[in-house]
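Chain and residue survey
Residues per chain, in single letters:
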Amino acid sequence: MVLPRLRESFRSHLALLSSLCTRMLRQVLHRGLRTSFSRLGHFIASHPVFFASAPVLISILLGASFSRYQIEESVEYLLAPKHSLAKIERNLVNSLFPVNRSKHRLYSDLQTPGRYGRVIITSFRKANMLDQHHTDLILKDGREAYNGHQLGGVTVHSKDRVKSAEAIQLTYYLQAINSLNDMVAEKWESIFCDTVELFQKSNRKVKMYPFTSSSLREDFQKTSRVSERYLTTGLVLVVTLAILCCSMQDCVRSKPWLGLLGLLTVSLATLTAAGIINLTGGKYNSTFLGIPFIMLGHGLYGTFEMLSSWRKTREDQHVKERTAAVFADSMLSFSLTTAMYLVTFGIGASPFTNIEAARIFCCNSCIAIFFNYLYVLSFYGSSLVFTGYIENNYQHSIFCRKVPKPEVLQEKPAWYRFLLTAKFSEDTTDSEETNTYESHLLVCFLKRYYCDWITNTYVKPFVVLFYLIYISFALMGYLQVNEGSDLSNIVATATRTIEYTTAQQKYFSNYSPVIGFYIYESIEYWNTSVQEDVLEYTKGFVRISWFESYLNYLRKLNISTGLPKKNFTDMLRNSFLKAPQYAHFSEDIIFSKKYNNEVDVVASRMFLVAKTMETKREELYDLLETLRKLSLTSKVKFIVFNPSFVYMDRYASSVGAPLQNSCISALFLLFFSAFLVADSLINVWLTLTVASVEFGVIGFMTLWKVELDCISVLCLIYGINYTIDNCAPLLSTFILGKDFTRTKWVKNALEVHGVAILQSYLCYIVGLIPLAAVPSNLTRTLFRCLFLIALVTFFHCFAILPVILTFVPPSKKKRKEKKNPENREEIECVEMVDMDSTRVVDQITTV
């Protein structure tokens, strides 16, 4: 019995020793990092001029090159998955049926979009576009029109003959062999749209929607031009609010210049990153509009947190010592959150990301965040030193003029006394020394009102109920998430792309795009069993097929379709394709002569149109996958292709991959950084908070009609970091607090970090609001996602966490202390409820 007890005792002592060693290691690392940042702050405070001027010079030198930036022209390069089967299929199709062979035909764009002009024509009165008047006006060559591609809003007879059509789509293809031809073709497309619009003005009976191969690219980049005015407005609002947030009635301790310089720090980092991107051959695209908002959310919080730490330092200390204390207090948390940004966006910038726009965005964000971190340390740190000397010399925070003593101010006018109000140290007692900055509006609001209100016993049930409602609606939206590969979601609103896409959806949505069905090997077309297989594969589609037409041609001649190979091929070449009505099918067949002059069909193509109730991207992708699976198991080797497949193929997995990889990397970083924080429970709470925020953002953005596309996924990656940015200091202060009650430490955490969170949140929202007015679908998605991220994170910081932390671990039991030989018991802080009042007060009961 003794031996098992000894073993159990040994194991318990070993576990305790291991826990103590781990805790000691964390404390050593934590203190070592704080000491390092303290020395760095002291060094920067000793050389403020250098650290203030160097970032400015670097930004000017690198940012000057951005004036000659280049724009990415290819939308497919940015938004289509890089590695997809559709691109391989397109190369195979192009090798078999070059575009030049079909440049005058209807379906040449089935291989590659190329250069073309397209127009949808409808009537204002919903009249039949096939009547004599409209036909003479639009169609003059009597060509055959195909339902679903050229005719929309179709009414058919009982024998599948078209009775009427509400819309006609015409396409004009151009040949661009070299760069000169391409320039001419691009100019032709511009004139084509102008000509169509001019024709529209002179013919009021029809409505025309022009579209060219350049329209998507032009309308995608148009977002940058139409958003300039709104971004400028947002910048002015942020500057104004940042100055106000750092101001207070005390003209000496007010720091309005630091609000402006904090924004300037973010701007310098963004300019430096833009210069580096341009010098390394990077090209600009409209998705870059989100980078300044990422910088704004991260950079401004770091500067406000430093300012908050400055206000906690003692005024009788030297500026260098105060700066060292600020760096020791705030830079560790800021460094860890910056590392989280670099890791999550770095994973998104890796080759694992299959969407090039997302990869480039993440890469550029990493560069901007890295320089923002350096500039906050150097430029903003030196700015803090300069304003510190102004404060220590009792100079006005704006005009830098020496503030007179109170007895001198009494002789001045009222307006003069108002502008130069300040509290001098000799007029401040020891009990008032720590309350110097409590006259700040936000500090006063949190400390005197909000902290007591949110921790009130009668408020907590309503917050918990509100959180349950939040989870319920988030779950409802999460179950409805769908991927969005619609390219109209990335362009400006009042554009040709939107008008054309809307008309196409209205009149041509009952038919799928024309799908090319390519048989890329020689098969026994004359064999009746093969004929049945091919017809079976294309069953259920509206077919435009040389093969089916040829079989019907033989039946009309009372000739069996099961001819010998030579007869079948000779009849195809010399009779069927020579007939005028079937001559165009010669472009759909590739013949080859063998060594014995025997002619064989080595490849051919057909065109399929699926009739659906309403064409959606998900249905079209399912159709593509079904046909691909069929091609793997069928006896006939074929592929299917349409240019839109390039954007849809593997889009769902490609667009979600950066978010998944970033989440995994964030979890790993939180796990391994447990040794850098004083308590690993901080990382546990951070993980739960991030999961709650991301879950809510995904759910609510779905309810707000935002699809999971490239832009929203990038915002969600940012949401991980934004949540950690704001919640980590709160959780750290609460979990590391000892003695006292949970409620007391929740209040303390809000008082210490709540002001910085509130300041950065207000500035961020004010800068974000003008983005909602930009007439662009891209910025609409950007605004809705970023707004939800900021709102949900703010809700967690100021409501959910303060309430939940008051009744869940870690506990705040005070350790027993032996204060004298009599071993007096500890003084325990407990939370008591006064039955005669509705307030919850902290009473100290001495035992």
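Relevant structure appears above.
Residues numbered from 1 in each chain as written. Predicted model: local features only at pLDDT ≥ 70, side-chain atom pairs only at ≥ 80, totals over all residues. Heavy atoms only, no water.

Here's the deal with the overall build of the protein chain
Along the backbone of the protein chain there are 27 helices and eleven strands. Counting the 847 residues in the protein chain, one finds 51% classified as buried. Contacts spanning at least 24 positions in sequence make up 78% of the contacts within the protein chain whose residues lie at least 6 apart. Carbon and sulfur atoms make up 60% of the accessible area of the protein chain, which amounts to about 41,100 Å² in all. (Helix = DSSP H or I, 4+ residues; strand = E, 2+ residues; numbered from the N terminus. Buried < 20%, exposed > 50% of the residue type's maximum accessible area, 1.4 Å probe, protein only. Contact = heavy atoms within 4.5 Å. Areas by Shrake-Rupley, 256 points an atom, 1.4 Å probe, with all protein chains shown as cover.)

Section: the sheet that holds strand β2 (residues 151–156)
Overall, antiparallel pairing links the four strands, which are arranged β2-β3-β1-β4 in an open sheet. Each end of this open sheet is capped by a strand with a single partner; those strands are β2 and β4 (206–212). Adjacent strand axes in the sheet meet at a mean angle of 20° when their direction is disregarded. Relative to the sheet, helix α17 (residues 496–508) contacts β1 (115–123), β2, β3 (162–174) and β4, its axis offset from that of β4 by approximately 120°. (Pairing = 2+ DSSP bridges. Axes fitted to C-alpha atoms, helices over the stretch in contact; angles between N-to-C directions.)

Observations regarding the pattern of salt bridges
Enumeration over the complete set of coordinates arrives at 19 salt bridges. One salt bridge connects Glu 391 with Lys 255, and the closest N-O pair in it is separated by 2.5 Å. Placement of the pair is Glu 391 in helix α12 (residues 356–392) and Lys 255 in the loop between α8 (228–245) and α9 (256–279), with a sequence separation of 136 residues. On the accessibility criterion, Lys 255 (3% relative accessible area) is buried. Ionic pairing is found between Lys 312 and Asp 329, a salt bridge with its closest N-O pair at 3.1 Å. With Lys 312 in the loop between α10 (291–311) and α11 (319–348) and Asp 329 in helix α11, the pair connects residues that are 17 residues apart, well separated along the chain. (Salt bridge = Lys/Arg side-chain N within 4 Å of Asp/Glu carboxyl O.)

As for the nonpolar core
Proteins that are soluble and globular tend to have nonpolar side chains buried together. Phe 345, Trp 546, Tyr 718 and Tyr 764 are the most contacted members of the largest nonpolar core, which totals 190 residues. Discounting chain neighbours no more than four positions away, the residues touching Tyr 718 are Phe 293, Ile 294, Gly 297, His 298, Tyr 341, Phe 345, Tyr 764, Leu 786 and Ile 789. Within the second largest apolar cluster, twelve residues are counted, among which are Ile 121, Ile 168, Phe 192 and Val 196. (Core = buried A, V, L, I, M, F, W, Y, C linked by side-chain atoms within 4.5 Å.)

Structural notes on the packing of aromatic side chains
Counted under the stated rule, the structure contains 42 aromatic pairs. Here the aromatic rings of Trp 188 and Phe 192 are separated by 5.1 Å at their centres, their planes lie at 20°, and the arrangement is stacked. Highlighted residues: Trp 188 and Phe 192, both in helix α6 (residues 179–202), separated by four residues, approximately one helical turn. Taking 5.8 Å as the distance between ring centres and 75° as the angle between the ring planes, the aromatic pair formed by Tyr 553 and Tyr 582 counts as edge-to-face. Of the two residues, Tyr 553 sits in helix α19 (residues 546–556) while Tyr 582 sits in the loop between α20 (565–576) and β7 (589–593), which places them 29 residues apart along the sequence. For Tyr 553, a relative accessible area of 15% puts it in the buried group. (Phe/Tyr/Trp six-rings, centres within 6.5 Å; stacked < 30°, edge-to-face > 60°.)

Things to note about the pairing of β1
Most of β1 is tucked away: nine of the nine residues are buried. Across the two faces of β1 the burial is the same, with Arg 115, Gly 117, Val 119, Ile 121 and Ser 123 and Tyr 116, Arg 118, Ile 120 and Thr 122 all buried. The pairing of β1 with β3 spans eight bridges and is classified as antiparallel. By the bridge assignment for β3, Val 119 is matched with Leu 170. Pairing analysis gives seven bridges linking β1 to β4, with the strands arranged antiparallel. Counted as the bridge partner of Thr 122 is Lys 207 from β4.

Side note on the packing of helix α25 (residues 710–736) against helix α26 (residues 742–768)
Viewed as axis vectors pointing N to C, α25 and α26 meet at an angle of 150°, and their least axial separation amounts to 7 Å. Here α25 is positioned roughly antiparallel relative to α26, judged by the angle of their axes. Every pair of crossing elements has a handedness; the one defined by α25 and α26 is right-handed. Touching Tyr 718, Tyr 722, Asn 726, Pro 729, Leu 730, Thr 733 and Phe 734 of α25 are Arg 742, Trp 745, Val 746, Asn 748, Ala 749, Leu 750, His 753, Ile 757, Ser 760, Tyr 761 and Tyr 764, all from α26. (Parallel < 35°, antiparallel > 145°, perpendicular 65-115°, else oblique. Left-handed = near helix turned anticlockwise from the far one by under 90°.)

As for a nonpolar patch on the surface
Taken together, Val 464, Leu 465, Leu 468, Ile 469, Phe 473, Met 476, Leu 703 and Phe 807 make up a surface patch of nonpolar side chains, about 690 Å² in accessible area. In this fold, Phe 473 is placed in helix α16 (residues 460–478). (Patch = residues over 30% accessible without salt bridge, like charges linked within 9 Å, V, L, I, M, F, W, Y side chains within 5 Å.)

As for helix α27 (residues 777–804)
With 28 residues, α27 should reach 40 Å at 1.5 Å per residue; the first-to-last C-alpha distance of 38 Å fits that figure. Along α27, the sharpest change in direction is near 40° and occurs at His 796. Counted residue by residue, α27 has 23 buried out of 28 residues, so it is predominantly covered. (Expected span 1.5 Å × (residues − 1). Bend = angle between axes of the 7 residues up to and from the residue.)

Concerning α10
Three- or four-residue spacings in an α-helix give side chains the same orientation, since the helix completes a turn every 3.6 residues. Taking 1.5 Å per residue, 21 residues should reach 30 Å; α10 reaches 30 Å between its end C-alpha atoms and fits that length. Counted residue by residue, α10 has 20 buried out of 21 residues, so it is predominantly covered.

A closer look at the packing of α25 against α27
Viewed as axis vectors pointing N to C, α25 and α27 meet at an angle of 20°, and their least axial separation amounts to 10 Å. Judged by the inter-axis angle, α25 sits roughly parallel to α27. When the axes of α25 and α27 are compared, the crossing they make is right-handed. Where α25 abuts α27, its residues Ile 711, Ser 712, Cys 715, Leu 716, Tyr 718, Gly 719, Tyr 722, Thr 723, Asn 726, Cys 727, Leu 730 and Leu 731 lie against Leu 778, Thr 781, Leu 782, Cys 785, Leu 786, Ile 789, Ala 790, Thr 793, Cys 797 and Leu 801. When the residues that make up the contact of α25 with α27 are grouped by side-chain class, the tally is 16 nonpolar, six polar and no charged. (Nonpolar A, V, L, I, M, F, W, Y, C, P; charged D, E, K, R; others polar.)

Remarks on the environment of Tyr 467
Within the secondary structure layout, Tyr 467 lies in helix α16. For the pair Tyr 467 and Ala 799, spaced 332 residues apart in the sequence, the C-alpha separation amounts to 9.1 Å. Ignoring any residue separated from it by four or fewer positions in sequence, one finds Tyr 467 in contact with Ser 692, Phe 795, His 796 and Ile 800.

Observations concerning the side chain of Asn 777
Summarising the element assignment, Asn 777 is placed in helix α27. With relative accessibility at 11%, the residue Asn 777 sits in the buried group. Non-local contacts of Asn 777, meaning those with residues more than four positions away in its chain, are made with Ser 488, Asn 489, Ile 490, Val 491, Ala 492, Thr 493 and Ile 498.

Quick look at unusual backbone geometry
Positive phi values are uncommon outside glycine, yet Asn 558 reaches one of about 55°. Secondary-structure assignment places Asn 558 in the loop between α19 and α20. The backbone of Lys 705 shows a phi angle near 65°, a positive value even though the residue is not glycine. Along the chain, Lys 705 turns up in the loop between α24 (681–703) and α25. On the basis of relative accessible area, Lys 705 is assigned to the exposed category, the value being 71%.

Comments concerning the environment of Leu 336
Relative to the assigned elements, Leu 336 resides in helix α11. Classification of Leu 336 as partly exposed rests on a relative accessible area of 27%. For the pair Leu 336 and Asp 725, spaced 389 residues apart in sequence, the C-alpha separation works out to 9.1 Å.

Observations concerning the state of the cysteines
If you walk through the whole model with that rule in mind, you get zero disulfides. Free of any disulfide, Cys 727 has its nearest cysteine sulfur in Cys 797, 3.4 Å distant. Judged by relative accessible area, which is 0%, Cys 727 ranks as buried. (Disulfide = S-S within 2.5 Å.)

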